[in-house]
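Listed below are the residues making up each chain.
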Amino acid sequence: MSDQESATEGANEVERTDREHVFGTWSYQKEVDPTQVVDASGVRFTTADGEEYIDLSGQLMCSNLGHSADRVADRVAEQIRDVPFVSPGYTTEARSELGRELAEITPGDLTKTFFSTSGTEAVEAAVKIARFYTGKQKIISRYRSYHGATHGSISVTGDPRRLMAEPGVPGTIKAPDPYAYGSTLDPMESLEYIDEMLTLEGDTVAAVVVEPIVGSNGILVPPDEYLPRLKEIAHDHGALLICDEVMSGFGRTGEWFGCDVFGVTPDIMTMAKGLTGAYQPLGATIVTPEIADHFEEEMFCHGHTYSGHPVAVAAGLAAIETYREENLIERAGEIGAYLGDRLDELDEAHPSVGETRGVGLFRGIELTKRADERVPFGEREDKISPGTTVVDEVAATAGDHGTYVANMINTLILAPPLSITEDDVDEAVEALDAGLDVSD
Ligand code: PLP
């Protein structure tokens with residue numbers, strides 16, 4: 001049987017047609033059968049074969065509002081009927097209002113936003129802004145990071161997804177991570193390394209770009225002093241700090257943004273995912289007044305047809321209203337603490353749990369073969385059938401018990417809708433418990 005045939009065995013007509021005519025992204029193209037979703041409501045979704053799942057990962061860590069945010073859906077429909085699109089010389093009430101709102105909810109004096117349609121485009125814009133503003137070319141990022149798939153963003157991405165795009169955009173340099181559990185380097189020592197790199201690169205680095213709390217590379221939370229010190233180090237060397245909040249933003253951490261957890265205002269911040277709660281594709285890059293002023297003088301050589309698309313910005317505005325009215329940010333902190341306690345119980349109960357970590361409703365379970373030696377389940381040697389790792393199997397078993405959870409290499413990534421309840425958490429933890437029996 002060919003790969004294609006085995007992949008489509010048992011699939012329904014929609015799934016077979018999709019497989020035949022639509023490219024999947026990344027490993028989904030080759031390794032995963034698309035499953036048709038027919039209904040989604042609150043924190044749950046239902047597939048065509050009638051199975052219902054708790055969405056413990058908010059699909060791609062983006063459905064922060066859950067799947068039935070009526071205010072957003074209504075606003076989107078209204079905007080499509082009223083003004084579906086305008087060219088850049090025109091604006092809409094939603095665009096100006098969302099720009100004002102982002103200046104309000106982002107930390108410090110961040111003030112002016114460039115809109116795009118995805119996280120990767122938000123990062124592309126950030127990198128270009130930093131280069132134009134400083135007149136320097138190099139960008140330092142960290143190994144355990146993901147910043148997107150377009151050429152510039154994949155070049156500043158540190159994880160192995162960058163390898164097929166290398167050598168990538170010239171002048172992108174990688175630094176070590178604040179990964180206390182899995183690295184021999186202490187997180188604060190890793191900062192000294194970045195300091196040294198900046199010295200050795202001379203005055204040629206435009207910016208350091210980091211996820212304030214690393215997402216898909218394993219939910220890495222730095223020590224409290226890390227991000228403030230990183231900003232100081234970058235500024236001492238004449239480089240900007242770009243914080244990529246595409247995954248950590250919009251309430252995930254129990255604060256509006258990951259940066260708020262550490263009391264830091266970056267020079268440039270990127271957003272997407274929770275910006276609309278995934279109801280529309282929208283990216284945003286916000287900058288300080290100094291940077292904004294610079295582009296009053298110099299043209300910002302960048303833009304897309306759909307920058308500030310009226311329907312997408314209307315969704316963003318309605319999403320922010322929903323976060324506020326449903327008190328979702330504070331709620332994420334409270335229910336996140338409960339989730340954290342329940343995950344600690346799994347850590348106690350399962351020898352294959354190396355560490356559980358995270359903030360708010362942004363948490364990870366790192367699996368390990370031998371907990372005392374912190375040996376991770378690797379990608380290749382631990383395949384239990386072609387294309388399936390032990391960690392995939394843990395997630396699949398949790399799925400059999402009614403909970404969808406995303407996994408990256410050796411970590412389960414938990415980022416549910418912020419409206420999740422304690423009862424939902426208990427149900428999901430039971431499913432994870434069953435899944436983790438597989439790796440023990
Ligand atoms: N930056 C971070 C931190 C991300 O997690 C992602 C996607 O997961 C991106 C950028 C890229 O966003 P998108 O997939 O919307 O292009």
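So, how was this worked out
- Residues numbered from 1 in each chain as written.
- Predicted model: local features only at pLDDT ≥ 70, side-chain atom pairs only at ≥ 80, totals over all residues.
- UniProt positions renumbered as here; feature names shortened; annotations may be inferred.
- Helix = DSSP H or I, 4+ residues; strand = E, 2+ residues; numbered from the N terminus.
- Rg over C-alpha atoms; globule rule 2.2 N^0.38 Å.
- Buried ≥ 20, exposed ≤ 12 C-beta atoms within 10 Å, placed from the backbone.
- Contact = placed C-beta atoms within 7 Å.
- Near = placed C-beta within 6 Å.
- Nonpolar A, V, L, I, M, F, W, Y, C, P; charged D, E, K, R; others polar.
- Domains from an automatic or database assignment.
- Axes fitted to C-alpha atoms, helices over the stretch in contact; angles between N-to-C directions.
- Parallel < 35°, antiparallel > 145°, perpendicular 65-115°, else oblique.
- Left-handed = near helix turned anticlockwise from the far one by under 90°.
- Expected span 1.5 Å × (residues − 1).
- Pairing = 2+ DSSP bridges.

- In the annotation of an unreviewed UniProt entry, the protein chain is listed under the name Aspartate aminotransferase family protein and assigned to Saliphagus infecundisoli.
- Per its UniProt entry, the protein chain bears the Cofactor (unreviewed entry) comment "pyridoxal 5'-phosphate".
- A UniProt comment under Sequence similarities (unreviewed entry) is attached to the protein chain, and it reads "Belongs to the class-III pyridoxal-phosphate-dependent aminotransferase family."

1. Digging into the overall build of the protein chain
Part 1 of the reasoning: Helix and strand content of the protein chain: 16 helices and 18 strands.
Part 2 of the reasoning: On C-alpha atoms alone, the protein chain measures out to a radius of gyration of 21 Å, which is about the 22 Å that the 2.2 N^0.38 rule sets for 440 residues.
Part 3 of the reasoning: On the principal axes, the C-alpha backbone points of the protein chain span a range of 60 × 55 × 45 Å.
Part 4 of the reasoning: Taken over 440 residues, the protein chain has a buried fraction of 48%.
Part 5 of the reasoning: Long-range contacts, defined as pairs at least 24 residues apart, comprise 71% of the intrachain contacts of the protein chain with a sequence gap of at least 6.

2. Re the site of the ligand
Part 1 of the reasoning: Taken together, the neighbourhood of the ligand is formed by 14 residues, with Ser118, Gly119, Thr120, Gly148 and Val246 sitting nearest.
Part 2 of the reasoning: In terms of residues, the shell around the ligand owes the most to one element, helix α7 (residues 119–134), which gives three residues.
Part 3 of the reasoning: Residue classes in the shell around the ligand are distributed as five nonpolar, seven polar and two charged.

3. Side note on the domain arrangement of the protein chain
Part 1 of the reasoning: The domains assigned to the protein chain are domain 1 (35–68 + 328–439) and domain 2 (70–325).
Part 2 of the reasoning: The distance between the C-alpha centroids of domain 1 and domain 2 comes to 26 Å.
Part 3 of the reasoning: Contacts between the two partners involve 30 residues from domain 1, matched on the other side by 28 residues from domain 2.
Part 4 of the reasoning: Of all the elements in the fold, those that place two or more residues in the side of domain 1 that touches domain 2 are α4 (58–61), α14 (328–349), β11 (353–359), β12 (362–370) and β18 (411–414).
Part 5 of the reasoning: For the side of domain 1 that touches domain 2, the class distribution of residues is 14 nonpolar, eleven polar and five charged.

4. Details of the packing of helix α15 (residues 390–400) against helix α16 (residues 422–439)
Part 1 of the reasoning: Relative orientation of the contacting elements α15 and α16 amounts to 150°, with a least axis distance of 7 Å. Comparing the axis directions of α15 and α16 gives the class roughly antiparallel. Between α15 and α16 the crossing geometry is right-handed. Where α15 approaches α16, its residues Val390, Glu393, Val394, Ala395, Thr397 and Ala398 are matched on the opposing element by Ala431, Leu432, Ala434, Gly435, Leu436, Val438 and Ser439.

5. Things to note about the environment of Thr368
Part 1 of the reasoning: Within the secondary structure, Thr368 sits in strand β12.
Part 2 of the reasoning: Here Thr368 falls in the buried class, since 20 other C-beta atoms lie within 10 Å of it.
Part 3 of the reasoning: With near-sequence residues (within four places) excluded, Thr368 lies in contact with Ser352, Gly354, Arg374, Val375 and Pro376.

6. A word on α14
Part 1 of the reasoning: Its 22 residues place the ends of α14 31 Å apart at the C-alpha level, agreeing with the 32 Å of an ideal helix rising 1.5 Å per residue.
Part 2 of the reasoning: If you check which residues of α14 are buried, you get Leu328, Ile329, Ala332, Ile335, Gly336, Leu339 and Leu343.

7. A closer look at unusual backbone geometry
Part 1 of the reasoning: Residue Pro167 is reached from Glu166 by a cis peptide bond, and omega for that bond is 10°.
Part 2 of the reasoning: At Met61, a position not held by glycine, the phi torsion is positive, near 55°.
Part 3 of the reasoning: With respect to the helices, strands and loops of the structure, Met61 is situated in helix α4.
Part 4 of the reasoning: Judged by the 23 C-beta atoms lying within 10 Å of it, Met61 is buried.
Part 5 of the reasoning: The backbone of Ile219 shows a phi angle near 50°, a positive value even though the residue is not glycine.

8. Structural notes on the pairing of β12
Part 1 of the reasoning: In terms of burial, β12 is a largely internal element, seven of the nine residues being buried.
Part 2 of the reasoning: Note: β11 against β12, six bridges, orientation antiparallel. Across the sheet, residue Arg357 finds its bridge partner in β12, namely Gly364.
Part 3 of the reasoning: The antiparallel pairing of β11 with β12 creates a hairpin that spans two residues between the two strands, and Gly360 there sits at a positive phi of about 55°.
Part 4 of the reasoning: In this structure, β12 lies alongside strand β13 (residues 375–376), joined through two bridges in antiparallel fashion. Residue Thr368 lies in a different strand from β13, and its bridge partner there is Pro376.

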